[in-house]
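Letter by letter, the chains look like this.
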Amino acid sequence: MFLTRLIYFSRANREVDMDIDQILETARRKNKADNITGALWFDGSWFLQTLEGSRSAISRTYHRICADPRHNAVQLVSCDQVTQRAFHVWSMAYFADNEQNRGLVSKYSGNDKFNPAEMTNDSLFALMAEAEILNKI
Ligand code: FAD
């Protein structure tokens, strides 16, 4: 059976109190039940997320996420059929804003400031895949 891998990015809604731990707790609980894995990058302004699982579970989850008022301007990066998971251990890995991850931003964007709107689809995926290795997840 094939898997679906969906990547999107969005802006954090500054008018809503942001509790990243609460987002992660809900994401991990629901994703585990739906056999979804993935990773979430959050630097305080931008979210970048990869979701992997069955097409139906990814569709349901993505629609819920899009309707969430804690972020806005959601932009779909890609939605592909894949044969294996890149993030297979965690129901949702988390990459925070730290020195190590900022180093990856300059590697994949040629810019110190993270702006997913200016990065290619391949760079966005590679950034998260390498963050998983670097963060020893
Ligand atoms: P309920 O928990 O019943 O909530 C009802 C509504 O209120 C929903 O629209 C919900 O989005 C919103 N809401 C909930 N808590 C708050 C709050 N503290 N402040 C403002 N609004 C709130 N869910 C997953 O299942 N998997 C994921 O991988 C995942 N990743 C996410 C990534 C980001 C960047 C964000 C912002 C959210 C993510 N979520 C994820 C949460 C998702 O958006 C839903 O809130 C969650 O799936 C629960 O859905 P529900 O329909 O049961 O909503």
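Residues numbered from 1 in each chain as written. Predicted model: local features only at pLDDT ≥ 70, side-chain atom pairs only at ≥ 80, totals over all residues. Heavy atoms only, no water.

Draft legend 1. Main features of the nonpolar core. One finds Trp41, Leu48, Phe95, Phe114, Leu124, Leu127 and Met128 to be the most contacted residues of the largest nonpolar core, which totals 18 residues. Contributing elements (two or more residues each) for this core: strand S1 (3-12), strand S2 (37-42), strand S3 (46-53), strand S5 (93-95), helix H3 (99-109) and helix H4 (121-134). With four residues, H4 is the largest single contributor of residues to this core. Leu6, Ala12, Leu40 and Leu51 belong to the second largest nonpolar core, which has 17 residues in total. (Core = buried A, V, L, I, M, F, W, Y, C linked by side-chain atoms within 4.5 Å. Buried < 20%, exposed > 50% of the residue type's maximum accessible area, 1.4 Å probe, protein only. Helix = DSSP H or I, 4+ residues; strand = E, 2+ residues; numbered from the N terminus.)

Draft legend 2. Local environment of the sheet that holds S5. Reading across from one edge, S4-S1-S3-S2-S5 is the order of the five strands in this open sheet, with mixed pairing throughout. Since the sheet does not close on itself, it has two edges, and those belong to strand S4 (71-82) and S5, each with one partner. The average angle at which neighbouring strand axes cross in this sheet is 15°, direction not considered. Running over the sheet, helix H2 (residues 55-66) touches S1, S3 and S4 and is turned about 160° from S3. (Pairing = 2+ DSSP bridges. Axes fitted to C-alpha atoms, helices over the stretch in contact; angles between N-to-C directions. Contact = heavy atoms within 4.5 Å.)

Draft legend 3. Region of interest: the site of the ligand. Around the ligand, a shell composed of 19 residues is seen, among which Gln22, Asn31, Gln49, Arg64 and Asp68 lie nearest. Glutamine 22 is positioned such that a nitrogen or oxygen atom in its side chain is 3.1 Å from a nitrogen atom of the ligand. Relative to its unbound accessible area of 910 Å², the ligand is 70% covered by the protein chains. When contributions to the shell around the ligand are tallied by element, the ones reaching two or more residues are helix H1 (20-34), S3 and H2. (Near = heavy atom within 4 Å. Polar contact = N/O pair within 3.5 Å; in protein donor to acceptor, adjacent residues only side chain to side chain. Areas by Shrake-Rupley, 256 points an atom, 1.4 Å probe, with all protein chains shown as cover.)

Draft legend 4. Highlighting H1. Relative to the 21 Å expected for 15 residues at 1.5 Å per residue, H1 spans 21 Å between its end C-alpha atoms, a close match to the ideal helical length. Where H1 is concerned, the buried positions are Ile20, Ile23, Leu24, Ala27 and Asn31. All buried residues of H1 fall inside an arc of 95° around its axis, so they share one side. Of the exposed residues in H1, those oriented more than 90 degrees away from the buried face are Asp21, Lys32 and Ala33. Residues of H1 that are buried sit in contact with S2, S3, H2 and S5. (Expected span 1.5 Å × (residues − 1). Arc of directions from axis to C-beta.)

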